[in-house]
Structure formats: structure tokens, C-alpha cells
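Chain residues, written in single-letter form:
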Amino acid sequence: MIIKKFRKICGLVAIAGLSAITTFPAMSATDAEIEANIDRLLSQMTLDEKVGQLNQLSGTGYSDGMIRDIRAGKIGSILNEVDAETVNKLQREAMENTRLHIPIIFSRDVIHGFKTIFPIPIGQAATWRPEMVEQGSRISAREASSVGVRWTFSPMVDIARDARWGRVAEGYGEDPYLTSVMGVAAVRGYQGDDLSQPGTMAACTKHFCGYGASEGGRDYNTTWLPRPLLRDVYLPPFEACAKAGSATFMCSFNDINGVPSSANKFLFRDVLRGEWGWNGMVVSDWNSIGEMINHGVAADKHDAADLAAHAGIDMDMQAYCYIDELKQLVSDGKVSIEIVDEMVRNVLRLKYRLGLFDHPYVDTTLPSQMYLPESLEAALHTAEESAVLLTNNGVLPLGDKKVKVLLTGPMADAHHDQNGTWSFDMEKDKTITPLDAFKKTFGKNLTYVPGLTYSRQKDLSGVDAAVEAAAKADVIIFLAGEEAVLSGEAHCRADISLPGAQTEMLRRLKATGKPIVTVVMAGRPITLPEESKLSDAIIFMFHPGTMGGPALANILTGKVNPSGHLPISFPRMVGQVPIYYSVKNTGRPTTEMMLIDEIPHEAGQTSTGCTTFWLDAGLDPLYCFGYGLSYTTFEYSAPRLSAEEMTTDGEVTVSCDVTNTGKVEGADVAQLYVRDVVASLARPIKQLKGFEKITLAPGETRTVTFTLPASMLSFYDLDDKSVIEPGDFQIWVDNSSACRGKAATLRVVEK
Ligand code: GLC
């Protein structure tokens, strides 16, 4: 429950850091007052007015159609209007030209920035800094709410273990713990501690649930999720965001085991509201209610509306199912008025909590909140810390020595594509590309020859000029990657290598004999088996947004020491997908592998060993979850436990000494992993249960300490019960999921 502290009228209270925004008198109401207001309003509403609140339409402009629908009380929310004057004109129609003057809530997909664009969410996860995610969301809310957007469809906390899926770009990666931490940070950033204050937006945790398990990494596809997997992997980030107070949830497009989420009572009534006690508002995804006809579980819109209302979907996004069918369903007795009233309550509660009844309009007299210096600085630092150094043979950092740099490749000056997917409101001329930044950093020592002008280009005719230019350069910076359109919704790839002729271009650059730093800007993990051999260093930047160029320049020169760590495994080849670190051990774990080119001709059937791996890809990804290099090095001591034993209701602390063994200051991510060695179900060989990013001076040692309650060792059994089973657990602390070094053993005993 969102407990709102009643705040006395005490004049304007500046919200720290939200300069130039006037705050409303602290009139945010308590839950009790909000419920009383809802009761009073609901008692006055006709069925038509109730159904109108459950309808969300997308549209821009002060159109006759929109005005007509608003005045008829047919619209509860408008999606995609981002002009402040138009928002106010449409809102005035609701406040002055309807019987009950119920404000509209305006919404938009503000996923990783509104005008100031931050790295795409999976890039934000690569910072392993929840405070950066919170700050970026706070800034996004400040910018978007200043034009009237008070509801964003973010954070997306779908676990993604299949990089073919385009929407891997929009989440926080493969791990439930990391995703939970980042999702909660985003909710806090968007909502602040008082949703009724300006500069805030209602968060929308999505897509509930299991969307990332779409079969084959093909968007919208079916999922098959046995209950223990759903419970242990896909639900936890949603539970974390629900308990963090996410004001809304959005259902997913997919079916789980044949049940479309828009009709999934178990998810919305049993789990979300029943088990988790959440009392927010649920919106469908775009036409997802209507799409149940395509799924083949609804014969028509009438059926679909019936299923969705019973499942607990409160608002219908753009399917016209509720607005066209719900009244008839009620009069036919198929949907009770009590269900409809509950849906309307959830919508009205959101609007009261946002303070829209008291402050429905945007103050257009305020100075612009866009691209404030502190916003751009935050975007720069987030982009810097999201960059992952994958390989480096010593070519980096370039230092401030006057190196002659050849900048080349399709992502070197990609003002649009650098922002990645879901950056609707981005203004490309505000993007600072590597070319823009390098002109300042390297001056006359910079030569720029694109070679390829976009990532899918197959025509190599421009590459000769780049090869020629390389002759005069000391180092080549090859900006490779994906255009923004190649990831995100509906943009899945069956081959996740560099598109177009980029690899061939890299081969030709390699032939020049000059050192090559390959920088990849993409929306997903890219397979880089050959590129990792051809390059002297590789930096991976998940589409870094507005400040990607300066961030890269600072990293290449060494002004910033890279500290990003992967939030998702990078496969060697797409055939390894789905690939993730927290795998089961199987009955045939691999201790040694004979790979395809090592097998003697006419080798006997069992001569290669019978254990679990791919002959042509081995077992492990090219770069594992949690991995990231630095310009310095770090050493980890063996983990120390505060006790060797703990009861099933106890907790221990795990400590580890981390030392910077190199010559420059750097940040590293200490990660805590555990393994349940023997349990009633086969358990993953390791699971992330904590992390801390620490900055150490050369030679400095610091002890990191994690608290590990027994409750974090629980899992769901086949009876759908959460259990903590006594037994031995292995504990590691390392800076990646490789979990090198000796594990500590913790024994859990019955209390
Ligand atoms: C899209 C997406 C969802 C988004 C919504 C509104 O189809 O699935 O994530 O928030 O529609 O744009």
C-alpha cells in the first residue's frame, strides 16, 4: 500500500534538485482521504462515465474526434500527446465540458529519457549503479512532466536470456536480482516520494509477465513457463517493483502456457493483488485485449473484454474493447458492476495520487526543463559507466599523447541511431556523436572517413578510402554496431552478428597493420568471435544516448577508466542462445571438451567425451554475465563468512577484501554468488545475490561486506511453495559470474 504522509500546508517546498519547478502546496492526501474522494465520485458516476474512465486512446493534436470523445466522457487517458499547450486544451475539455470534471492522465513511453537521452536500459544496467538509474529516471520525469506527461510505461523488467529478442534492449538483462534492483531504482526515480508533486510520473512496471521468454527470441511469441521457473526467474523483479510502490503495471502480449496475459487471473488477481497486496492500476498493452482474438481465446471483442475484466486489467489501451463492450457485459450480467467499480477505483486512485484533480494543467510559464546542464552531465556519467571494456591488449588508454586517430565506421557519426530504441522525443541535433566529441579531443590529429554510412550497408566501395587514411594514422577507432531500428519491439534478429559489411571492413582495416580499437554501439549482445581476434581492444556501448560521444572520448583517452560490467551473457555464436550464467549443472557437467576441429578423423562415437557442450562453440559465452575490464586490475580474497552455519530464519555476512593491484584508480563490481549444492529440485550452479561497485586508488584494499539472509536462498518447489531447504551452500565473491577462486561453504540448518 502506498502510505502517503499527510503534509501540512506550509507553502512551497522546493524539491531538491528540481530547480525552477514550483511545487504545489503540500496538499497530498492520505490514502483514507483518497478513498473517500473515490467513494463520493463513484457514487455519482453513470455506467457510461465509469466505462469511459477505462479507455485509453493514442492521439496527438486538439482534434475534433478527441474533443468529441472527451466531452462524451469516453476517455480516461491519452497516450502520446507531448505538446504542453495541447495537453492543457484537451484537459480543459475534460475539466470544463464534462459532467463530473474528471481529469485525463497523459502518458508516453519515456523509457530512457525524454529529451536528454540516457543509455538504453540494458546499458544503464551495465553501470551496476542503481543510483544512476534512479537519477536518470528522475530527470526523465522532470523533462516529460513539464509538458504534461504524468505516466510513463517504464521500467520494463522482463528477464531476457535470448539476445535474438529485440526487446532485450529495454530491460536490465538476464538476472532477476540485478533487474529487481534496477527496476526499483527506476520506480523511485520516476515517482519520487510524493507522486502528487510536479516533476514526477507514475511508473508502469511491464510487461507482466514472462514476455522475455518468447520462444525463439521472436517477439510476441508463445512462452512455456513451468511454475517454478516463472516464480524464481520472471516474477521476482515485478514483485520488487510492486513492493517499491510502482503506481501501475502493464500486461504483456504473450501467452504463458496458452493463457494470454490479458486474461491471466493468476498473475493479476492471485499474485499481484492477492499475494503481493498491490493496489495500483493495471493497463493493457497496446490492443493486447483485442489481440486475444488472434490468440484464439476470444471469439470477438465482447469475449475479449469479458476475459480481461475478469482477469483484472483495469484500463484498455487502444483496443476499444471496454468502451464498446463493457456496458453490454454488465447489463447481460456477465461482468458485475462490482468488478467495473473496482476497475474505476483503481483508475481514479491513480489520478488522485497524481494530484490531477487539484492540478490538472501544465504550468507553461516555467523555464524549460530540457537539456539542463546537470541532466546532460548525468547522461554523460551514465554513458561513461555503461561502457564495457571487453578486451584490451594495452592499446588503451590512448592517453593525452598526440596520437593520430582515424575514426571510421557506420556508428561514428550516427546522431539518430546512437540513441537506440524508444527515444521518440529525442532531437538528433542534440546528440553528441564520437565524431563531434573527437573533433574537440583530438583536433587536427583526427581524420574521419566513414567507410560505411549505416550498419546494414553492404556496399564496400567507401572502405578503400578508410584503408588509405589508415596509413597516416597511429590508431584506428572503428565504430561498429546496429542502427537503432534493429532492436526494440518487433525487431528480432536470428543472426546477432554485426550487420552489413562491417566485419569485412574490419578485416580490411586489420590488413593495414595499424592498431584497431573496435567500439560497438548496439541494442543487444552481438556475437564478436572474429572481431575479438581482429581488434586490439573492444569497447561495448549499449546505445549510449545523447552523450555517447563525449563518454567514449573520455574513456579512450583515459580521462575515465571504464567500469561497465555485462548485465547479460555475450554468446560466441547465435546457436548458443539462450545462454545465461545461472544454468543447471545437468547430469553431465563439462570438465573437458574436445572441440570440432580437434576431433580425429573417424573418431569413435564416444571418444569426444559425453558431457554437455557444443562441439563447435564449447560451453561458455564469449563474455560472461558480470564481466568487464578496467585500465587497472583487481584482486579478490577468498570470501569470509560471519558464521559457517545459519538457521533457515537466520542471516550471515559475507566479506571479501578487494585490492586495486594496478597503477590507476578504477571502479570494480564485487558480485556475490551462491549455489544450493543439494536440493529437492536441481538448482542453478550460481545465482547473484548481491553486488557493490567500489572505486579504489592504486594499491588500495577495501573490504566489501554483504548481508545474506536465509530468505534469499529460497526457491519455489513443485507445489508452488517457497521453501528454504537446509543443506550446504557455496559462496563466491568475484567481479564476474566466472566465480574464480575458492568458494566458502555455508551450512543452513532447520531453526
Ligand atoms: C507497445 C509496447 C509497450 C508500450 C506500449 C505503448 O506496443 O509493447 O511496451 O508501452 O505499446 O506504446
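As the structure is a prediction and not an experimental result, all values here were calculated from the model.

What follows is about the overall build of the protein chain. In terms of helices and strands, the protein chain carries 20 helices and 27 strands. By the compact-globule yardstick of 27 Å for 751 residues, the protein chain fits well, its C-alpha radius of gyration being 27 Å. Projecting the C-alpha coordinates of the protein chain onto the three principal axes gives extents of approximately 80 × 65 × 55 Å. Counting every position in the protein chain, which comprises 751 residues, the buried fraction comes to 61%. Sequence-distant contacts in the protein chain: of pairs separated by 6 or more residues, those separated by 24 or more amount to 77%. Approximately 27800 Å² of the protein chain is accessible, and the part contributed by carbon and sulfur atoms is 52%. Here the protein chain carries 72 positive and 93 negative side-chain charges, and the mean point of each set is 3 Å from the other.

Okay, empty space enclosed by the protein next. Scanning all chains against the criterion turns up 3 cavities of 30 Å³ or more. Size it by volume and the largest cavity reaches roughly 80 Å³. Every residue lining the largest cavity is counted, 15 residues in all, and those nearest its centre are Ile 111, His 112, Gln 124, Ser 154 and Tyr 190. If one sorts the elements of the lining of the largest cavity by residue count, helix H6 (residues 130-145) sits on top with 3 residues. Of the residues assigned to the lining of the largest cavity, the class counts are 7 nonpolar, 7 polar and 1 charged. Of the voids in this model, the second largest cavity is the one considered here, and its volume is about 50 Å³. As for the second largest cavity, its lining consists of Val 674, Arg 675, Asp 676, Arg 683, Gln 687, Lys 689, Met 712, Leu 713, Ser 714, Phe 715 and Phe 729. Elements that contribute at least two residues to the lining of the second largest cavity include exactly strand E21 (666-676) and strand E22 (687-696). Among the elements that make up the lining of the second largest cavity, the one with the highest residue count is E21 (3 residues).

This brings us to the side chain of Glu 482. Among the structural elements, Glu 482 can be located in the loop between strand E14 (475-481) and helix H18 (502-510). Among the residues examined, Glu 482 registers a relative accessible area of 0% and is labelled buried. Separated by 3.0 Å, the side chain of Glu 482 and the backbone nitrogen of Gly 523 make a polar contact. In this structure Glu 482 touches Met 411, Ser 455, Ser 487, Arg 493, Pro 499, Met 521, Ala 522, Gly 523, Arg 524, Ile 526 and His 543, once residues within four positions along its chain are discounted.

It is worth spelling out the environment of Asn 88 at this point. With respect to the helices and strands, Asn 88 occurs in helix H4 (residues 84-96). Judged by its relative accessible area of 8%, Asn 88 is buried. Sequence separation of Asn 88 and Leu 225 is 137 residues, and the distance between their C-alpha atoms is 45 Å. Those residues within four positions of Asn 88 in sequence are excluded, and the remaining contacts are Tyr 361, Val 362 and Thr 364.

Glancing now at the packing of helix H1 (residues 31-44) against helix H14 (residues 337-353). Look at H1 against H14: their axes get within 10 Å of each other, and the N-to-C directions meet at 130°. In terms of orientation, H1 lies oblique with respect to H14. At the point where H1 passes H14, the crossing takes the right-handed sense. Counting all contacts with H1, which are made through Ile 34, Glu 35, Asn 37, Ile 38, Asp 39, Leu 41 and Leu 42, the residues of H14 involved are Asp 341, Val 344, Arg 345, Leu 348, Arg 349, Tyr 352 and Arg 353.

Another aspect to go through is the confidence of the model for the protein chain. Across the protein chain, the average pLDDT comes to 95, with 96% of residues at or above 70. Low pLDDT, under 50, characterises residues 1-27; the stretch is placed with 67 contacts to residues that sit more than four places away or in other chains.

With that settled, consider the sheet that holds strand E3 (residues 105-108). Taken together, 5 strands build an open sheet; the order of strands is E4-E3-E2-E1-E10 and the sheet is parallel. What marks the edges here is a single partner per strand, and that holds for strand E4 (151-152) and strand E10 (316-317). Relative to E3, strand E2 (residues 77-79) runs parallel, the two being bridged by 3 bridges. In the sheet register, Ile 78 faces E3, and the bridge partner there is Phe 106.

Turning our eyes to something else, we now look at the site of the ligand. As a matter of local geometry, the ligand sits amid Asp 109, Phe 153, Arg 167, Lys 206, His 207, Met 250, Phe 253, Asp 285, Trp 286, Met 317, Trp 422 and Glu 489. Asp 109 is positioned such that a nitrogen or oxygen atom in its side chain is 2.5 Å from an oxygen atom of the ligand. Here an oxygen atom of the ligand and a side-chain polar atom of Arg 167 are 2.8 Å apart. Compared with its free state, where it exposes 310 Å², the ligand has 93% of that area covered by protein. Classifying every residue of the shell around the ligand by side-chain character gives 6 nonpolar, 1 polar and 5 charged.

Remember that side chains alternate between the two faces of the sheet whenever the strand is regular. Of all the 8 residues making up strand E26 (residues 727-734), 6 are buried; the element is thus mostly covered by neighbouring parts of the structure. Pairing of E21 with E26, which is carried by 6 bridges, proceeds in the antiparallel orientation. Paired with Tyr 673 across the two strands is Trp 732, which belongs to E26. As judged from the 5 bridges shared by E26 and strand E27 (residues 744-749), these two strands associate in the antiparallel manner. Residue pairing across strands places Asp 728 opposite Arg 747, the latter belonging to E27.

Further remarks concern the pattern of salt bridges. In the structure shown here, the tally under the stated rule is 38 salt bridges. Asp 109 is the partner of Lys 206 in a salt bridge, and the nearest nitrogen-oxygen pair spans 3.5 Å. Within this pair, whereas Lys 206 is found in strand E5 (residues 204-208), its partner Asp 109 is found in the loop between E3 and helix H5 (121-125), the two being separated by 97 residues in sequence. Residues Lys 206 and Asp 109 agree in their burial class; the two are buried. Here Glu 504 and Arg 507 are joined by a salt bridge, their closest N and O atoms 2.8 Å apart. A residue pair is termed a helical-turn pair when its members lie 3 or 4 positions apart in one helix, as Glu 504 and Arg 507 do in helix H18 at 3 residues. Note on Arg 507: relative accessible area 35%, which makes it partly exposed.

Among the residues of helix H16 (residues 434-442), those classed as buried are Pro 434, Leu 435, Ala 437, Phe 438 and Phe 442. Burial along H16 is one-sided: seen end-on, the buried residues are contained in an arc of 160°. Those residues of H16 that are exposed and aimed more than 90 degrees away from the buried face are Lys 439 and Lys 440. One or two steps after H16, the chain reaches Gly 443, where phi turns positive at roughly 50°.

An order of E19-E27-E26-E21-E22 is seen for the 5 strands of this open sheet, with the pairing classed as mixed. Looking at strand neighbours, the two that pair on one side only are strand E19 (645-647) and E22, the edges of this open sheet. For this sheet, the mean angle separating the axes of adjacent strands, direction not counted, is 25°. In this structure, E19 lies alongside E27, joined through 3 bridges in parallel fashion. Residue pairing across strands places Thr 647 opposite Val 749, the latter belonging to E27.

The rules behind these values
Residues numbered from 1 in each chain as written. Predicted model: local features only at pLDDT ≥ 70, side-chain atom pairs only at ≥ 80, totals over all residues. Heavy atoms only, no water. Helix = DSSP H or I, 4+ residues; strand = E, 2+ residues; numbered from the N terminus. Rg over C-alpha atoms; globule rule 2.2 N^0.38 Å. Buried < 20%, exposed > 50% of the residue type's maximum accessible area, 1.4 Å probe, protein only. Contact = heavy atoms within 4.5 Å. Areas by Shrake-Rupley, 256 points an atom, 1.4 Å probe, with all protein chains shown as cover. Lys, Arg positive; Asp, Glu negative; His and termini not counted. Charge placed at Lys NZ, Arg CZ, Asp CG, Glu CD. 1 Å grid on protein atoms, 1.4 Å probe; cavity = no way out; pocket = protein on both sides within 12 Å on 5 of 7 lines; lining within 4 Å. Points joined across faces, edges and corners; volume = space filled by probe spheres on them. Nonpolar A, V, L, I, M, F, W, Y, C, P; charged D, E, K, R; others polar. Polar contact = N/O pair within 3.5 Å; in protein donor to acceptor, adjacent residues only side chain to side chain. Axes fitted to C-alpha atoms, helices over the stretch in contact; angles between N-to-C directions. Parallel < 35°, antiparallel > 145°, perpendicular 65-115°, else oblique. Left-handed = near helix turned anticlockwise from the far one by under 90°. pLDDT = per-residue confidence, 0-100. Pairing = 2+ DSSP bridges. Near = heavy atom within 4 Å. Salt bridge = Lys/Arg side-chain N within 4 Å of Asp/Glu carboxyl O. Arc of directions from axis to C-beta.

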